Amino acid sequence: MLNQVSTEQKAADTTRRVEDPRFLTGAARFLDDVTAKGTAYMGFVHSPYAHARIKSIDLSKVSSSPAFIASLTGEDLIKAGIRPVAQNPWPRQRAAKRYHLAVGKVRFSGEPVAAILVSDAYSVEDLVEQVEVEYEPLPAVVTIEESKKGKVLVYDDWKDNVSQTAQERKGDAEGAISAAPYVIKRQLGIGRQAGAPIETHCVLVSYDRKRERYEVSATLQSVHDLQKLLASEFGLPKKKFHVKVVDVGGGFGSKSGQSYPWPLVACLFAKQTGLTVKWTASRMEEFLEGAAGRDEYCDVTLACDRDGKIVALKGSIECDMGVSGTQAHMPSLSMWTMAGPYDVPNLDLNVTGYVTNKMPSGPVRGAGAPEGCYFIERAMDEMAREIGLDPLELRRRNVVGPERSDGVDYQALMDALVRSSKYSDLLRQRDEFNSRFKGEKSQGPRLVMGIGMSLRGDSEDEDDDDEGGWEGNQGDGGGGQDWSRSQQGAGGSGDEWASESEEEELSFMSEWGRVALSSGGELTVYTGSSPHGQGHETTFAQLASEELGIPIDRVRVVWGDTDLVPFGVGTFGSRSAATGGSAVVDASRKLKARLLEIASKVLRVDKESIAFAGGAIVEASQPKNIIATASEILEKAGEKEISADTTFTLGSMSYSSGVHMCALILDAETGVVSKITKYVVVEDCGRMINETIVEGQIRGGVVHGVSGSLFEGLRYDERGNLLTSTFADYAIPTSMDSPEVQVFHRVTPSTVALNGAKGVGESGTNGSYAAVMNALNDALSRVRPGAQVNTAAATPDSVFASLSSP
Ligand code: MCN
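Throughout what follows, the structure given in this document is the object of discussion. As the structure is a computational prediction, the values presented were derived from the model and not from experiment. (Residues numbered from 1 in each chain as written. Predicted model: local features only at pLDDT ≥ 70, side-chain atom pairs only at ≥ 80, totals over all residues. Heavy atoms only, no water.)

Our focus in this paragraph is helix 16 (residues 576-603). With 28 residues, helix 16 extends 38 Å between its outermost C-alpha atoms, agreeing within 8% with the 40 Å of an ideal straight helix rising 1.5 Å per residue. The first or second residue beyond helix 16 is R604, which carries a positive phi of 55°. (Helix = DSSP H or I, 4+ residues; strand = E, 2+ residues; numbered from the N terminus. Expected span 1.5 Å × (residues − 1).)

On to the site of the ligand. Near the ligand, the surroundings consist of 32 residues, among which Q534, H536, A577, Q697 and V760 are the closest. One of the side-chain N or O atoms of Q697 is found 2.7 Å from a nitrogen atom in the ligand. Expressed as a share of its isolated accessible area of 840 Å², the protein-covered part of the ligand is 95%. Mapped onto the shell around the ligand, the elements with two or more residues apiece are helix 15 (536-548), helix 16 and helix 18 (691-710). The element contributing the most residues to the shell around the ligand is helix 18, with 3 residues. Across the shell around the ligand, the residue classes tally to 10 nonpolar, 17 polar and 5 charged. (Near = heavy atom within 4 Å. Polar contact = N/O pair within 3.5 Å; in protein donor to acceptor, adjacent residues only side chain to side chain. Areas by Shrake-Rupley, 256 points an atom, 1.4 Å probe, with all protein chains shown as cover. Nonpolar A, V, L, I, M, F, W, Y, C, P; charged D, E, K, R; others polar.)

Before going further, it helps to spend a moment on the side chain of S420. Note that S420 resides in helix 13 (residues 410-421). A polar side-chain atom of S420 sits 2.6 Å from the main-chain carbonyl oxygen of A416. Every residue in contact with S420, bar those within four places of it in the chain, is listed here: V680, V682 and F744. (Contact = heavy atoms within 4.5 Å.)

Looking now at the sheet that holds strand 11 (residues 241-244). Pairing is mixed in the open sheet, where 7 strands are placed in the order 3-5-1-12-9-10-11. Among the strands making up the open sheet, the edge pair consists of strand 3 (68-73) and strand 11. Going from strand to strand, the sheet's axes swing by 20° on average, the running direction of each strand aside. Strand direction decides the pairing type here: strand 9 (residues 202-208) and strand 10 (residues 213-218), joined by 6 bridges, are antiparallel. Along strand 10, the bridge assignment pairs S206 with E215. Sheet contacts for helix 8 (residues 261-273): strand 1 (39-46), strand 3, strand 5 (112-118), strand 9, strand 10, strand 11 and strand 12 (276-280); angle to strand 9, the most-contacted strand, approximately 35°. (Pairing = 2+ DSSP bridges. Axes fitted to C-alpha atoms, helices over the stretch in contact; angles between N-to-C directions.)

Cis geometry marks the peptide bond from W90 to P91, where omega comes out at 0°. Mapped onto the fold, P91 is located in the loop between helix 3 (74-79) and strand 4 (105-106). Look at the link from A792 to A793: it is a cis peptide, with omega at 5°. Relative to the helices and strands, A793 is located in the loop between strand 27 (791-792) and helix 20 (796-804). Of note, the phi angle at D406 is positive, near 50°, even though the residue is not glycine. Examined against the element boundaries, D406 turns out to sit in the loop between helix 12 (391-398) and helix 13. The phi dihedral of R604 falls on the positive side, at around 55°, and the residue is not glycine. With respect to the secondary-structure elements, R604 resides in the loop between helix 16 and strand 20 (610-613).

This brings us to the nonpolar core. Among the nonpolar cores identified, the biggest contains 89 residues, and L313, M338, L664 and Y679 are the most heavily contacted of them. Among the elements that line this core, the one with the most residues is helix 19 (residues 763-783), at 10 residues. Contact partners of Y679, with chain neighbours within four places excluded, come to H660, M661, C662, V702, E740, V741, Q742, G767, S768, A771 and V772. Formed by 71 residues, the second largest nonpolar core is a distinct cluster that contains V243, F269, L543 and I642. (Core = buried A, V, L, I, M, F, W, Y, C linked by side-chain atoms within 4.5 Å. Buried < 20%, exposed > 50% of the residue type's maximum accessible area, 1.4 Å probe, protein only.)

Moving on: the packing of aromatic side chains. Applying the stated criterion across every chain, the model contains 15 aromatic pairs. Judged by centre distance (5.3 Å) and plane angle (65°), the rings of Y49 and Y135 are edge-to-face. On the criterion of sequence distance, the pair formed by Y49 in the loop between strand 1 and strand 2 (52-58) and Y135 in strand 6 (residues 132-137) is long-range, its members being 86 residues apart. For Y49, a relative accessible area of 34% gives the class partly exposed. By relative accessible area, Y135 is classed as buried at 15%. Summarising the aromatic geometry, the rings of W512 and F567 are spaced 6.3 Å apart at their centres and angled 65° between planes, so their arrangement reads as edge-to-face. Taken together, the residues W512 in strand 17 (residues 510-518) and F567 in the loop between strand 19 (555-559) and helix 16 connect sequence positions 55 residues apart. Site record: aromatic cluster; members linked through ring pairs are F44, Y260, W262 and W279. Its end group placed over the ring of F433, R436 keeps NZ or CZ at 4.7 Å from the ring centre. Geometry around F572 places R575 over its ring, the cationic atom sitting 5.7 Å from the centre. (Phe/Tyr/Trp six-rings, centres within 6.5 Å; stacked < 30°, edge-to-face > 60°. Lys NZ or Arg CZ within 6 Å of the ring centre and 35° of its normal.)

Put into structure tokens, the structure is as follows:
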């Protein structure tokens, strides 16, 4: 519904991030900085094999060391009644029975096999090396192709290696394709990539015997998710786990709802020994065990009529799920986002997830959305080339209007891109630049310029007759076995996420918030969102400050502590501004109403005659006339503090839309993209709470996609050994790889979030793979027609190979 006017405007608010002085002056406190007296240190023995039977574990050498305190193996976990690694029931996936310390078999290189607890941090690595594990190596399933063949099964109790399937269908895609004059078929993909946060995972755990509860500090995107996972795996009520964070140095998805071994094993040691247990991942451990993302491939067929109107989209998405982790929604999200903002009358999309002997997959910034956008947008640029249309023009002919996009005007977004990127000048520049290139075999300059674009967004389908969606997402995967939504095995009670029914369970679309005003005029905002780089301390303070008229320097934001914030969802899926931010607004409005009620009683005036502004009670008709400060009202009422809390639920999710344009120079001699000369984003994330933060998020997101398109990736050998387990081998972008990203805005406020904001934290990443890969392929097509690289990361060797192949 179009009930807001879109405008191209610069938001006024560029409030500086209040958290930055602490980060920039070294005053921030990360978990590894925290030590307690009598801390013991945990170490893990990792499997050197991707797939092997464990014949024996000999801890005798370690246990005779004076530093040794305790040890645990998978069998000990079972004896302690620990359940298998939790799997989120959403979407349905085949239950994979695996423990946090391997039992019987190891299934990926780096999988923890045993844990030891020692008295000093310096002995840990030496002692880990003295644990002797005898393995019987087994053939490993390293690729999707091997997984499909099913000769080797990752789980012996499965009939094949399929972990999930899903479909989405509309109309008759096959029929429309066979009748269409223009048909494009491509095999597209994005390889496996790590979250690679700068701060590695860390836990610090003690056991409070008096209260019979675990005190767990960890590096997280959601304390409530870890509380839920521990409760589920221990089979205990959530209140037995008090979970906290301090400052968190990035997550990019890897610190969200994934269940890792470290907190659980630390809890067991802490209770067993009464000591405070600490563990910090080395960079190698982070790479070996941190859930990795992408690894999605799609056979795409796009068909258009003579006018360049899409008549059908067909896609088969395959995803390497590794050993199958807690979260498995990524390929389904790719499927859902794949039709983009286009009017697609016939659709036939499906997903198959395969298990392999690799670390579990999980969400990495975008969590499937960059793949979905890449699959359709790469096909759109190829279709434009096929028809002989400008890529922008092809998109103009196919985007839905504002009435089917909650008011977002994609034509206007593209108009803004044309203006801000100086599109016609850019096209001219490309032709001039490339006129110097005299052909592949010539001796002249070997530099070629390419331009690519991508459009991000969504369309509301009026006559939605999908057979798929989550309802359709429960196939038997070809295996014919039961698809269990539950934990099985040891503690197998059948409830996949143990939770007490009397407690509130929040959905992805909800967030909890509280605001509390003290008699001293200080405002505290409590939120279930959990910043780890996104600047919520600033934006959430701004929202409360705006609502209540209290200066931002008197507002404090509290998050990441299950005692202080009893309910919460967390920060992932670009959800915090819309859900958490709306909860802050809602709670602030409730607080205002409460304060006015109290004021009308203590002042004995009519409620309608007063208002709340600038932290004081004022005359409603003359807001400049202050009647009493909030402190005076609270004092008169005998209250030290008043507060209001809320659980706010969005009617539907609210995400930004945008258009990206990338121009780059390819060195055809070496296959290296030598420079991104221009990168422009026109973004519509609704009302910007803080423009500086929004632009920071977009720029960071784009750089994530640039590196994922050109060089970032996890590599394995044929036996499943990870070859890229340090930053020397795994390329993350540096400032040298970061192009100047120009960001422009349109503002179509969200109709569901109370603050008008739409999620933006992943949007830069979601659009950038397609824009960069399209630009690269545009350049390649100018070197040799037909040369293409369709799998990211398009490293120089793959670019070079595409030019060398006959
Ligand atoms: N914002 C705003 N106006 C809007 C929308 C958002 O001012 N219209 C602000 C928000 O208030 C918030 C920030 O922008 O301060 C991002 O908001 P939002 O889009 O709601 O995303 P989340 O806060 O939920 O952040 C999650 C998202 C994800 S999923 C990943 S992954 C990610 C990311 O954010 N990982 C990050 N950004 C990251 N940034 C850093 N520095 N480090 C990471 O690990």
